[in-house]
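The residues making up each chain are set out below.
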Amino acid sequence: MAESFGNSFTIVEVTSDDALRPTKQMWLALAKPKQALTLVLAAVPEGWTAEVVPAVLTEKQQRMFEELNLEPGDVYRIAPE
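Residue numbers restart at each chain and count upward from 1, following the sequence in its written direction. In keeping with the predicted nature of the model, local features appear solely for residues at pLDDT of at least 70, side-chain atom pairs appear and are counted solely at 80 or more, and the whole-chain, interface and lining totals rest on all residues. Each side-chain value is worked out from all heavy atoms of the structure, with water and hydrogens disregarded.

Trainee: Help me understand the nonpolar core in this model?
Mentor: Nonpolar side chains tend to gather and get buried jointly when the protein is soluble and globular. Counting nine residues, the largest nonpolar core is built from V12, V14, W27, A29, A31, A36, V40, V44 and W48. Elements with a contribution of two residues or more to this core: strand 1 (9-15), strand 2 (24-30) and helix 1 (33-43). With near-sequence residues (within four places) excluded, W27 lies in contact with T10, I11, V12, V14, V40, A43, V44, V75, Y76, R77 and I78. Buried residues of nine kinds, namely Ala, Val, Leu, Ile, Met, Phe, Trp, Tyr and Cys, make up a nonpolar core once their side-chain atoms join them within 4.5 Å. For every residue, the accessible area (1.4 Å probe, protein chains only) is compared with the maximum for its type, and the residue is labelled buried under 20%, exposed over 50%, or partly exposed between those bounds. Membership of the second largest hydrophobic core comes to six residues, among which are I11, L28, L30 and F65. Helix and strand labels come from DSSP, where a helix needs a run of H or I of at least four residues and a strand needs a run of E of at least two; each type is numbered from the N terminus. By the convention used here, residues are in contact when the closest approach between their heavy atoms is within 4.5 Å.

Written out as C-alpha cells, the structure reads:
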C-alpha cells in the first residue's frame, strides 16, 4: 500500500556540494518531512545535501503557499527575497 504524502507543507534547505562557494536554497514540499527530503533531493543536482527546517508557518505564509496549488508530493523552490 502506498504511503500518503500528507497535506502539510515542509520547508527544506539544500546546500550545494561546491566546497569553495556552497549555494543554499530553500524549497517547499507538500509532503511529510521524511518524504520532503527525498522529493527535494530528487529535484536538485546530485551531491547536494538537504535538511528539514523546523519552522512553523504563519497564516499569511500558509495562504501564500496554498495559492501555489501544489499537489501532494510536489516541490517548489522558494526564490530568495
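Trainee: Mind showing me how you'd approach the environment of A31 here?
Mentor: Tracing the sequence through the fold places A31 in the loop between strand 2 and helix 1. A31 gets classed as buried once you look at its relative accessible area, which sits at 0%. Excluding anything up to four places from it in sequence, A31 contacts F5, S8, T10, A36 and L39.

Trainee: Quick question: what am I supposed to make of unusual backbone geometry here?
Mentor: Most peptide bonds take the trans configuration, and most residues that are not glycine carry a negative phi. For N69, which is not glycine, the phi torsion reads 55° and is therefore positive. Turning to its location among the elements, N69 is positioned in the loop between helix 2 (59-66) and strand 4 (75-78).

Trainee: What am I meant to see in helix 1 here?
Mentor: Note on helix geometry: an α-helix contains 3.6 residues per turn, so any two residues three or four positions apart are oriented the same way. Buried within helix 1 are the following residues: Q35, A36 and V40. End-on, the buried residues of helix 1 take up no more than an arc of 125°, which puts them together on one face. Of the exposed residues in helix 1, those oriented more than 90 degrees away from the buried face are K34, T38 and A42. In the core, the buried residues of helix 1 are packed alongside strand 1, strand 2 and strand 4. The directions considered for the arc run from the helix axis to the C-beta atoms.

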